[in-house]
Amino acid sequence: MTTLVTPAVPGPGQGEPPGAAPSLRPGMLPGMIPPDAQAPRPRRSWGRRNAVWLVLLPIAIVVAAGASSFRVWAFWWPVGLHHEVDRVALGEPAHLAGEYYDAFGLDVPERAQTTVLREIDATVTSVEQVDQLPAPEYGDPVVIPDGSVAYAVQVHFAAELRTDLSLCQITLVAEDGTRYGDSTTDVLGSSNRCSTPEAEGFVSEQPEWEVTSFVLADPGAEITQVRLGFGGPEHVTFELP
Amino acid sequence: MRHGRRRITWKGTALVVGAVTAGCALVTYLPQDAGVDTPFIVEGEVGETLDLTYAKLTVTEVRVADTLTGLSEAAAAGGTFVVVDATWRATQGQTSFGGAEVTDRQGRRFWPTNQAGCSTSASAQPGYAWRTTYCFDVPRDALAGATVRLARGGQSEDHAGQRRDAVAVIDLGITPSEVDTLWEAEETVSPEAPGYAPASAGGSEG
Amino acid sequence: MKHARNDGPDLAFRLGRRVVTAVADDMSTTQRVVAGVVAALVAISPFGAWNEVEPQADPLTVGTPVEVGPFEVTVEKAATADELGHLVPAPGNHMLAVVAHVTNTGEVPEYSSTIGEAIPAPENVGIIPEAPLGEPGTVTEAAPGTGDAPDGADPAASPSPDEPGLPSASVVNIEDGTSIRILNPGLTYRVALIWEQSDTFSGDVIPLRIMALEWIEESAGSLDNEYWLLLDEVAFAGQIPVEPAKPAPDADAGAQ
């Protein structure tokens, strides 16, 4: 920061009695030191004079970038499947482990306001195109719309009892990166895609279980992966042959 | 370190004031926002399928109505309702389409109503086409040459949600000579609930 | 104390003169003039020199259009009714509706809440306060309205002298009876602003105020830009005659 006016610093030989009207030259305020009173010094080059700041500048840029980088983990990282913790082939078990914060403890009250480690073993056993969708638990039957094809994704799960299964996403990823069915609600209106249809609540009730989830896709899409996650950031990927 | 032991001069003051003024002028008058704010506008007409990178969009039909009837209520237009049927087909992942606005020749903007089963937004995933009906209450002098602007970003706060993003602007195809007929027609439209579009995003009506 | 009394002003004067002398002694004439003007401007600031002249509320009459922010508002009438569509009053109350023609004269849509907030509930006419405070059961037959509006302030309807938190009106499009949310530009809607009113009110006029709205292009205090700010300033005020309750309120709404 450059200041135009510095506080009055009585220099050597400038100690006049305060209060007395000094005879200053026009344009000068009391306490100012005439420019020609400075001791003549050899001028150093601009680079030498500002060397400290020139060194500090890149450091400041790095610090500033680091300070604002909290947005990446605060806003982007937790929202979406950004951390692949396991990648296996179709038919092989994948281990999905990730922590989440349980704010309310809706299904398991003692977990309220704690960070919970969720560990699930999942195996995608088959991904097949189907001609018809089964009748949904609630509501009218869903007909596969014109211009769409439907896939049935079968997943086998194994986890401790009362593992939270809410926000489950079973996504088919096409070769071009299109994500089919990445909503937490599937085509039949189920909003708990990793639970069996008869399950009550959002936690697992058996040590092992199997679900079939239906996903609409474009007819020409070449499905290459299945992604499984619970809102993220951790997820597992199953590669289709 | 050298301290600023300098005298205040008219020249120095003018320099500082001038520099600040010049800076303000640059910030005010240079179109600096254009580079960060302008959306990528994809223009089209009714029946055409537009590629917005995140979705394919087709406006399939445009109608006018004096009255909209829904399941629980009927809505009467202050002017006339422009009813826009659109089909969204998401192409990347689950997407919410929050922007729907009609603009007239004078630059006035009109927002949709959520009355009588009309939608003000939509949400869809890849793999299917999703049909949505928007209803805009507009005055007579807004009809000719009006366009509809649809996007995933919302239009509130001066299209803040649409910055640097693809936006479709579709000419509703209303010519000045048609205005009288459209205005006087006493149509009643029952907007269909949003749902799977009968055909693919090709724009053909089923 | 004698010394202090005599010395006080003298000392201040001497000190002041010293300061002025010290500052002004070596100034050029131009600098002195500029400094003098600046000192004068600073000196008059505490006395409200920069305050805007307080505007007076303009009269509000039935049938005369007034400009309220982005709207042109013409109050048509006020009327009472037993119930209006889905708005059903509690026992001992009725609905009070102010019928107005509202036109959005701007270029962009406006929310109906903007006009709802700009026309606050009339005071001292027994409007039922916000839900937690408004106990319909507290309304008694004591002090029935006397006929003119200010006296219609019945102590029964509002236990405390200043009525707490009057609700903002429900804005209903009269033509179809639906709650209207968006007012698009260039359109005129005949709307009813509806409040619940105690039956103890029996006046034939209500005092209606319309508050001023100010366009905020860029807010200095918040990050919000480009909106209509409701000012705590009455732009229009007047007495609006109330039509008595009719047997069929819906017919009343659709009659005109």
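Procedures and definitions
The residue numbering used here restarts from 1 in each chain and proceeds along that chain's sequence as written. Working convention: letters from A go to chains and numbers from 1 go to ligands, in the order in which they are written. This being a predicted model, a pLDDT of at least 70 is required before a residue's local features are given, and a value of 80 or more before pairs of side-chain atoms are given or counted; all residues contribute to the totals for chains, interfaces and linings. Here the side-chain values reflect all heavy atoms present in the structure, with hydrogen atoms and water set aside. Segments assigned H or I by DSSP are reported as helices when at least four residues long, segments assigned E as strands when at least two residues long, and all are numbered from the N terminus. Every residue pair with non-hydrogen atoms within 4.5 Å of one another is taken to be in contact. All accessible areas in this document rest on Shrake-Rupley with a 1.4 Å probe, and a residue is counted as covered only by the protein chains that are shown. Only residues above 30% relative accessible area that lack a salt bridge enter a patch, with like-charged residues linked at up to 9 Å and the nonpolar side chains Val, Leu, Ile, Met, Phe, Trp and Tyr linked at up to 5 Å. The rule for a salt bridge is simple: a side-chain nitrogen of Lys or Arg has to be within 4 Å of a carboxyl oxygen of Asp or Glu. Any pair of cysteine sulfurs within 2.5 Å is marked as a disulfide. We call a residue buried when its accessible area falls under 20% of the maximum for its residue type, exposed when it is over 50%, and partly exposed in between, using a 1.4 Å probe and counting protein chains only. Any two rings among Phe, Tyr and Trp, with Trp reduced to its six-membered ring, count as a pair given centres within 6.5 Å; such a pair is stacked if its planes are under 30 degrees apart, edge-to-face if over 60, and tilted if neither. Cavities and pockets were defined on a 1 Å grid built from protein atoms only: a cavity is a group of points that admits a 1.4 Å probe but offers it no way out, a pocket is an open group of points flanked by protein on both sides within 12 Å along at least five of seven lines, and a lining residue is one with an atom within 4 Å of any such point. Grid points are joined across faces, edges and corners, and a volume is the space filled by probe spheres set on the points. In this classification, the charged set is Asp, Glu, Lys and Arg, the nonpolar set is Ala, Val, Leu, Ile, Met, Phe, Trp, Tyr, Cys and Pro, and all remaining amino acids, among them Gly, are polar. UniProt positions are given in the numbering used here, feature names are shortened, and annotations may be inferred rather than shown by experiment. At least two bridges found by DSSP between two strands are what make those strands a pair. Axis geometry follows a simple rule: fit a line to the C-alpha atoms, using only the stretch in contact for helices, then measure angles between N-to-C directions, giving values from 0 to 180 degrees. To define a nonpolar core, start from buried Ala, Val, Leu, Ile, Met, Phe, Trp, Tyr and Cys residues and group those joined through side-chain atoms within 4.5 Å. Buried area counts how much accessible surface, traced with a 1.4 Å probe, disappears from two parts once they are put together, with both parts' losses summed. Contacts described as polar in this section are N or O atom pairs within 3.5 Å, which, within protein, must combine one atom able to donate a hydrogen with one able to accept it, while residues neighboring in sequence count only if both atoms come from side chains.

1. As for the overall build of chain C
Here is step 1 of the chain: The helix and strand inventory of chain C stands at 4 helices and 11 strands.
Here is step 2 of the chain: Across chain C, every contact between residues at least 6 apart in sequence was considered, and the portion connecting residues at least 24 apart equals 73%.
Here is step 3 of the chain: Carbon and sulfur atoms make up 58% of the accessible area of chain C, which totals about 14200 Å².

2. Observations regarding a nonpolar patch on the surface
Here is step 1 of the chain: Among the surface-exposed residues, A:V52, A:W53, A:V55, A:L56, A:I59 and A:V63 lie close enough to one another that they form a single nonpolar patch of about 600 Å² accessible area.
Here is step 2 of the chain: Note that A:V52 resides in helix α2 (residues 51-68).

3. What to know about the state of the cysteines
Here is step 1 of the chain: Applying the stated criterion to the full structure yields 2 disulfides over all chains.
Here is step 2 of the chain: The disulfide partner of A:C168 is A:C194, and the S-S distance across this bridge is 1.9 Å. Across the disulfide from A:C168 to A:C194, rotation about the S-S bond amounts to roughly 50°, and the bridge is consequently right-handed. Of this pair, A:C168 sits in the loop between β4 (149-159) and β5 (169-174) while A:C194 sits in the loop between β6 (179-180) and β7 (208-217), placing them 26 residues apart in sequence. This pair shows no difference in class: A:C168 is buried, exactly as A:C194 is.
Here is step 3 of the chain: Here B:C118 is linked by a disulfide to B:C135, with a sulfur-sulfur distance of 2.0 Å. A torsion of -75° about the S-S bond marks the disulfide between B:C118 and B:C135 as left-handed.

4. Some details on the packing of aromatic side chains
Each pair of aromatic rings is reported with the distance of its centres and the angle of its planes.
Residue and element names in this part refer to chain B.
Here is step 1 of the chain: The full count for this structure, using the stated rule, is 10 aromatic pairs over all chains.
Here is step 2 of the chain: Considering the side-chain rings of Y128 and Y196, the 5.1 Å spacing of their centres and the 90° angle between planes classify their relative orientation as edge-to-face. Residue Y128 is found in the loop between β9 (122-124) and β10 (130-138), and its partner Y196 is found in strand β14 (residues 195-196); the two are separated by 68 residues along the sequence.
Here is step 3 of the chain: Here Y128 falls in the buried class, since its relative accessible area comes to 9%.

5. Considering empty space enclosed by the protein
It is the rolling of a water-molecule-sized probe over the atoms that shows where space remains empty.
Residue and element names in this part refer to chain A.
Here is step 1 of the chain: Under the criterion given, the structure shown has 3 cavities of 30 Å³ or more.
Here is step 2 of the chain: Forming the walls of the largest cavity are L96, A97, G98, E99, Y100, R118, F230, G232 and E234.
Here is step 3 of the chain: Ranked by residue count, the leading element in the lining of the largest cavity is strand β2 (residues 93-102), at 5 residues.
Here is step 4 of the chain: Its residues placed into classes, the lining of the largest cavity shows 4 nonpolar, 2 polar and 3 charged.
Here is step 5 of the chain: Here the second largest cavity is characterised by a volume of approximately 60 Å³.

6. Considerations on the UniProt feature "transmembrane region" (unreviewed entry) in chain A
Here is step 1 of the chain: When the UniProt feature table is mapped to this numbering, "transmembrane region" (unreviewed entry) covers residues 51-77 of chain A.
Here is step 2 of the chain: Secondary structure across residues 51-77 of chain A divides into 93% helix and 0% strand, with the first and last C-alpha atoms of the span separated by 39 Å.

7. As for the sheet that holds β2(A)
Note: strands within a sheet are paired through backbone hydrogen bonds, in either parallel or antiparallel orientation.
All names here are of chain A.
Here is step 1 of the chain: The strand order across the open sheet formed by 4 strands is β2-β3-β4-β7, and the pairing between neighbours is antiparallel. Edge positions in the open sheet fall to β2 and β7, since each of these has one partner strand only. Taking each pair of neighbouring strands and ignoring which way they run, the sheet shows an average axis angle of 35°.
Here is step 2 of the chain: Judged from the 10 bridges that link them, β2 and strand β3 (residues 114-130) form a sheet pairing that is antiparallel. Of the residues in β3, the one forming a bridge with E99 is L117.

8. Some thoughts on the nonpolar core
Here is step 1 of the chain: The biggest cluster of nonpolar side chains holds 46 residues, and the ones touching the most others in it are B:W88, B:Y134, B:V148 and B:L150.
Here is step 2 of the chain: Discounting residues that sit within four places of it in the chain, B:L150 has contacts with B:L52, B:L57, B:V59, B:A86, B:W88, B:G99, B:A100, B:Y134, B:V167, B:A168 and B:I170.

9. Observations regarding the interface of chain B and chain C
You'll often see interface size given as the accessible area lost when the parts meet.
Here is step 1 of the chain: Taken together, the contact pairs 21 residues of chain B with 20 residues of chain C.
Here is step 2 of the chain: Summed over both partners, the interface of chain B with chain C comes to about 1600 Å²; 51% of that surface belongs to carbon and sulfur atoms.
Here is step 3 of the chain: On the surface where chain B and chain C come into contact, there are 0 salt bridges.
Here is step 4 of the chain: Applying the counting criterion to the chain B and chain C interface returns 6 residue pairs in polar contact (both at pLDDT 80 or more).
Here is step 5 of the chain: Among the secondary structure elements, those contributing two or more residues to the side of chain B that touches chain C are β4 (74-90), β7 (109-110) and β10 of chain B.
Here is step 6 of the chain: For the side of chain B that touches chain C, the element with the highest residue contribution is β4(B), accounting for 6 residues.
Here is step 7 of the chain: Partitioning the side of chain B that touches chain C into residue classes produces 10 nonpolar, 6 polar and 5 charged.

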